[in-house]
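Notes for the structure review
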Amino acid sequence: VRLSVVIPALNEERHLGQLLSDIRRQSLRPEEIIVVDAGSRDATVRIAELSSCTAVLHGEPPVARGRNLGGYAATGNLNFFLDADTRLPQNFFEDFVCEVERRRLDIACPRYLPYGPSPTIRAIHAFWNALLKGFEKTLPSGAGHCIALRSKLFRESSGFDPSLKFDDIELVRRLAKGARLGLVGTNVLVSDRRYREQGILRTFLLHLLMAPAFALGKFEWANHVAYEFGDHAQ
């Protein structure tokens, strides 16, 4: 399996280097790493260029455009879309790909765990992971922190929808209708910065209020929520 990694980024100088270091330390390394910058005003592009990425592409917001630009440029047959603020365990790709191949999956998402120390935030992630697993067959979903897609499936689709803030969930739901989707047992570590910036209770309730819209397939309803790409203080 030839792996491609696509990382959309906007002002991610604090996090991108850590993710790229995690990728270089993997027991199974991707054939290519594509960083798609959306007009960063910090050192994001310089960090990507110094990290020996296969390509640094210049895109624009929203995040869906970056995901599409990188996804269609990728040459691998299994594409990983990663957020720039994720962290990867050392055997992440090896374990992930092993399960994907064994189960013959076309779309796969890992367990999303926070790398912050808060027990409350860890409990919230455990709740959402359990919900995703419980509805894996009936309402398949996944988060843009990490989504793996067969390249052929992605190229034959219309890609991520730039008109939606939650283009990641919509794409997984849409493509899962004619493909084999599975939630694998591998963990990806995700940032808890939205919880820290906006408050734990507020962020959790916001996600909870959006859940019915996603369940009904009304992804455009969530566009009214203040949830912007690259809109972070840290």
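Structure shown above.
This is a predicted model, so every value here is computed, not measured. (Residues numbered from 1 in each chain as written. Predicted model: local features only at pLDDT ≥ 70, side-chain atom pairs only at ≥ 80, totals over all residues. Heavy atoms only, no water.)

Spatially, the seven strands line up as an open sheet ordered E3-E2-E1-E4-E6-E5-E7, and their pairing is mixed. Strands at the two margins of the open sheet, each flanked by one partner only, are strand E3 (55-58) and strand E7 (181-190). Mean inter-strand twist for the sheet, computed between neighbouring axes without regard to direction, equals 20°. The pairing of strand E4 (residues 78-82) with strand E6 (residues 146-150) spans five bridges and is classified as antiparallel. Along E6, the bridge assignment pairs leucine 82 with cysteine 146. Packed onto the sheet, helix H3 (residues 63-73) meets strand E1 (3-9), strand E2 (32-37), E3 and E4 and runs at close to 155° relative to E1. (Pairing = 2+ DSSP bridges. Helix = DSSP H or I, 4+ residues; strand = E, 2+ residues; numbered from the N terminus. Axes fitted to C-alpha atoms, helices over the stretch in contact; angles between N-to-C directions. Contact = heavy atoms within 4.5 Å.)

The next thing to look at is the pattern of salt bridges. Overall, the coordinates contain 15 salt bridges when judged by the stated rule. Ionic pairing is found between arginine 87 and aspartate 22, a salt bridge with its closest N-O pair at 2.6 Å. Residue arginine 87 is located in the loop between E4 and helix H4 (92-103), and its partner aspartate 22 is located in helix H1 (residues 16-24); the two are separated by 65 residues in the primary sequence. Residue classification places arginine 87 among the partly exposed positions, given a relative accessible area of 23%. (Salt bridge = Lys/Arg side-chain N within 4 Å of Asp/Glu carboxyl O. Buried < 20%, exposed > 50% of the residue type's maximum accessible area, 1.4 Å probe, protein only.)

What follows deals with the packing of aromatic side chains. Evaluated as defined, the whole model comprises 14 aromatic pairs. A ring pair is formed by phenylalanine 127 and tryptophan 128, whose centres lie 5.0 Å apart and whose planes are at 65°; its orientation type is edge-to-face. The class for tryptophan 128 is buried, based on a relative accessible area of 18%. Just above the ring of phenylalanine 160 sits the side chain of arginine 67; from NZ or CZ to the centre is 5.5 Å. (Phe/Tyr/Trp six-rings, centres within 6.5 Å; stacked < 30°, edge-to-face > 60°. Lys NZ or Arg CZ within 6 Å of the ring centre and 35° of its normal.)

Moving on, we get to helix H5 (residues 119-134). Because an α-helix completes one turn every 3.6 residues, residues spaced three or four positions apart along the sequence face the same direction. Taking 1.5 Å per residue as the helical rise, H5 with its 16 residues ought to reach 22 Å, and the 22 Å between its terminal C-alpha atoms agrees with that figure. Looking only at H5, the buried set comprises Ile121, Ile124, His125, Trp128 and Asn129. For H5, the angular spread of the buried residues around the axis is 135°, confining them to a single face. Looking at H5, the residues exposed on the side facing more than 90 degrees away from the buried face are Pro119, Ala130 and Gly134. Lining the buried residues of H5 we find strand E5 (107-114), E7, helix H8 (193-198) and helix H9 (200-215). (Expected span 1.5 Å × (residues − 1). Arc of directions from axis to C-beta.)

Tracing the chain through its elements places aspartate 192 in the loop between E7 and H8. Its relative accessible area of 5% is what places aspartate 192 among the buried residues. Polar contacts involving the side chain of aspartate 192 include one to the side chain of arginine 196, which spans 2.8 Å. Each residue touching aspartate 192, except ones within four places of it in the same chain, is listed here: Gly116 and Ile121. (Polar contact = N/O pair within 3.5 Å; in protein donor to acceptor, adjacent residues only side chain to side chain.)

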